[in-house]
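So you can see what is in the structure, the chains are spelled out below.
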Amino acid sequence: MKRWLCALLLPAYCYAGAAVAPDYALAPQRIADGVWWFEGLQEHFTRSNGGNIANTGFIVGRDGVVVIDSGPSRQYGEQMRKQVEAHSGGKKIVEVLITHAHPDHFLGNQAFNGIRIEALPQTVAVIAEQGETLSANLYRLVGAWMQGTEVRKPEALTQTGERVIGGRKLRLIALQGHTEADLAVYDEASRTLFAGDLVFFHRAATTPNANIAKWLAALDALQKIDFQTLVPGHGPVVHGPEAIAETRAYLVWLRDSLHAAAANGLDMMEVANQPIPERFRSLAVVQEEHTRSVSHLYPAMELEALSPAK
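This structure is a prediction, so every number in the text was calculated from the model and none was measured. (Residues numbered from 1 in each chain as written. Predicted model: local features only at pLDDT ≥ 70, side-chain atom pairs only at ≥ 80, totals over all residues. Heavy atoms only, no water.)

Peer 1: Go over the overall build of the protein, please, and point to the residues and values.
Peer 2: Along the protein, the regular secondary structure elements total eight helices and 14 strands. Compactness check: the protein gives a C-alpha radius of gyration of 20 Å against a globular reference of 19 Å for 310 residues, within 12% of the reference. Across its three principal directions, the C-alpha atoms of the protein cover 60 × 55 × 35 Å. With 310 residues in all, the protein has 54% of them scored as buried. In the protein, the proportion of contacts linking residues at least 24 apart, taken out of those at least 6 apart, comes to 67%. Only carbon and sulfur atoms are counted for the fraction: they give 52% of the accessible area of the protein, which is about 13,900 Å². The positive charge centre, built from 28 side chains, and the negative charge centre, built from 33, are 5 Å apart in the protein. (Helix = DSSP H or I, 4+ residues; strand = E, 2+ residues; numbered from the N terminus. Rg over C-alpha atoms; globule rule 2.2 N^0.38 Å. Buried < 20%, exposed > 50% of the residue type's maximum accessible area, 1.4 Å probe, protein only. Contact = heavy atoms within 4.5 Å. Areas by Shrake-Rupley, 256 points an atom, 1.4 Å probe, with all protein chains shown as cover. Lys, Arg positive; Asp, Glu negative; His and termini not counted. Charge placed at Lys NZ, Arg CZ, Asp CG, Glu CD.)

Written out as structure tokens, the structure reads:
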């Protein structure tokens, strides 16, 4: 029976004939003075990766540590917290900031009990309304890595702009486009920008809650920030504009190709089967994400194309 369970769930659960907790093997990487990140995999949710597909991070200030996103599960959050505490020079975690309401970014919240967790008000509202559904769906996708995970709703972030948290001067930037509320975090001292899922690099963007026009406007706003290092929501850290440029180019192509397809009367299957331009074919999971984006975005574009001109 135990052998059957090991095969069905995850190899990480079975070691030396005994069940053990899954190990995300988290290893923070230092990218600037006091600034660290955990790199997620360029994959979809699977029972092999446990949902570890998004980047998270932390900033060590004079008086404490700020964590940015808590990951996809209680196990991830607990393992992340241990790593943060081991690399913070004895400083305590004083705040967790959640960038948006997608499950790979907030379902580790319960590992930070006793610590203030904040997110933009609309993010809080979505987590309150949909958190249990998002958690259940992720359990379906990644299995027992989610064991013991419960939804902890953040508190509403009522003050954006410049704030000093843990003795570190941050700029909290409220945007939207990837979702209805996307928080970017800029560390003034190191000029490091945590862009959340407004920016993808070497991976196709996800669009289940996207508004492409607002997303492109958000990218314009991020481009104006004098950052030296950018941490995208998915993909490697960069030190220039290339990640923003890549995300913008992909979104513009996606928007324009779907509008053209709708104007030409193509059905969803025909649109999903259209070839992806060569310049985007190297993006991780691009074929799957394009198919999903057609299902997310195309029906509204079809209706728009069919509506009589005013």
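Here the narrative resumes, following the displayed structure.
Peer 1: Break down helix α4 (residues 121-142) for me, citing the residues and quoting the values.
Peer 2: Most pronounced at Q130, the bend in α4 amounts to some 65°. Buried-residue contacts for α4 involve α3 (103-106), β8 (116-119) and β9 (155-156). Count one or two residues on from α4 and you reach G143, which has phi positive near 70°. (Bend = angle between axes of the 7 residues up to and from the residue.)

Peer 1: Which residues make up the packing of helix α5 (residues 212-223) against helix α6 (residues 242-263), and what values go with them?
Peer 2: Relative to each other, α5 and α6 sit at 160°, their axes nearing to 10 Å. Relative to α6, the element α5 is oriented roughly antiparallel. Relative to α6, α5 is oriented so that their crossing is left-handed. Counted together, I212, W215, L216, L219, D220, L222 and Q223 of α5 and I244, T247, R248, L251, V252, L254 and R255 of α6 form the full contact between these two elements. When grouped by side-chain class, the residues that make up the contact of α5 with α6 number nine nonpolar, two polar and three charged. (Axes fitted to C-alpha atoms, helices over the stretch in contact; angles between N-to-C directions. Parallel < 35°, antiparallel > 145°, perpendicular 65-115°, else oblique. Left-handed = near helix turned anticlockwise from the far one by under 90°. Nonpolar A, V, L, I, M, F, W, Y, C, P; charged D, E, K, R; others polar.)

Peer 1: Summarise the packing of α6 against helix α8 (residues 286-306); cite the residues concerned and give the values.
Peer 2: With their axes 9 Å apart at the nearest point, α6 and α8 run at an angle of 50° to one another. Comparing their axes, α8 and α6 come out oblique. In the crossing of α6 with α8, the sense of the turn from one axis to the other is right-handed. For the pair α6 and α8, contact is made by Y250, W253, L254, R255, L258, H259, A261, A262 and A263 and by V286, E289, H290, S293, V294, L297, Y298, M301, E302, E304 and A305, respectively. Looking at side-chain class alone, the contact of α6 with α8 contains 13 nonpolar, three polar and four charged residues.

Peer 1: I'd love a proper account of the pattern of salt bridges, names of residues and values included.
Peer 2: A full pass over the atoms with the stated rule returns 16 salt bridges. D33 is the salt-bridge partner of R30, the closest N and O atoms lying 3.8 Å from each other. Relative accessible area serves as the criterion here: at 53%, R30 is assigned to the exposed category. Across the pair R203 and E289 runs a salt bridge whose closest N-O atoms are separated by 3.4 Å. Linking R203 in the loop between β13 (192-200) and α5 with E289 in helix α8, this pair joins segments that are 86 residues apart in sequence. (Salt bridge = Lys/Arg side-chain N within 4 Å of Asp/Glu carboxyl O.)

Peer 1: Talk me through the packing of aromatic side chains; I want residue IDs and the actual numbers.
Peer 2: This model, assessed by the stated rule, comprises eight aromatic pairs. Ring geometry for F200 against W215: centres 6.4 Å apart, planes inclined by 50°, an arrangement best described as tilted. Note that F200 is positioned in strand β13 and W215 in helix α5, a separation of 15 residues in sequence. With centroids separated by 5.7 Å and ring planes inclined at 50°, the aromatic side chains of Y250 and W253 adopt a geometry described as tilted. Here Y250 and its partner W253 are both found in helix α6, three residues apart, which amounts to about one turn of the helix. (Phe/Tyr/Trp six-rings, centres within 6.5 Å; stacked < 30°, edge-to-face > 60°.)

Peer 1: Any chance you could break down α6 for me, citing the residues and the numbers?
Peer 2: Given 3.6 residues to a turn, an α-helix orients residues that are three or four positions apart in the same direction. The end-to-end C-alpha separation of α6 is 31 Å, in line with the 32 Å expected for 22 residues at 1.5 Å each. Within the sequence span of α6, burial applies to A243, I244, E246, T247, Y250, L251, W253, L254, S257, L258, A261 and A262. On its buried face, α6 sits against β13, α5, β14 (229-234), α7 (268-272) and α8. A positive backbone phi angle near 75° is found at G265, which sits one or two residues after α6. (Expected span 1.5 Å × (residues − 1).)

Peer 1: Lay out the pairing of strand β10 (residues 161-165) with the relevant residues and their values.
Peer 2: Two strands pair when backbone bridges link them, and β10 and strand β11 (residues 168-175) are joined in this way by five bridges, in the antiparallel orientation. Each bridged residue has a counterpart across the sheet, and for V164 the counterpart in β11 is K169. Between β10 and the antiparallel strand that follows it, β11, lie two residues; G166 among them carries a positive phi value of about 65°. (Pairing = 2+ DSSP bridges.)

Keep in mind that these numbers describe shape and distance, not what the molecule does.
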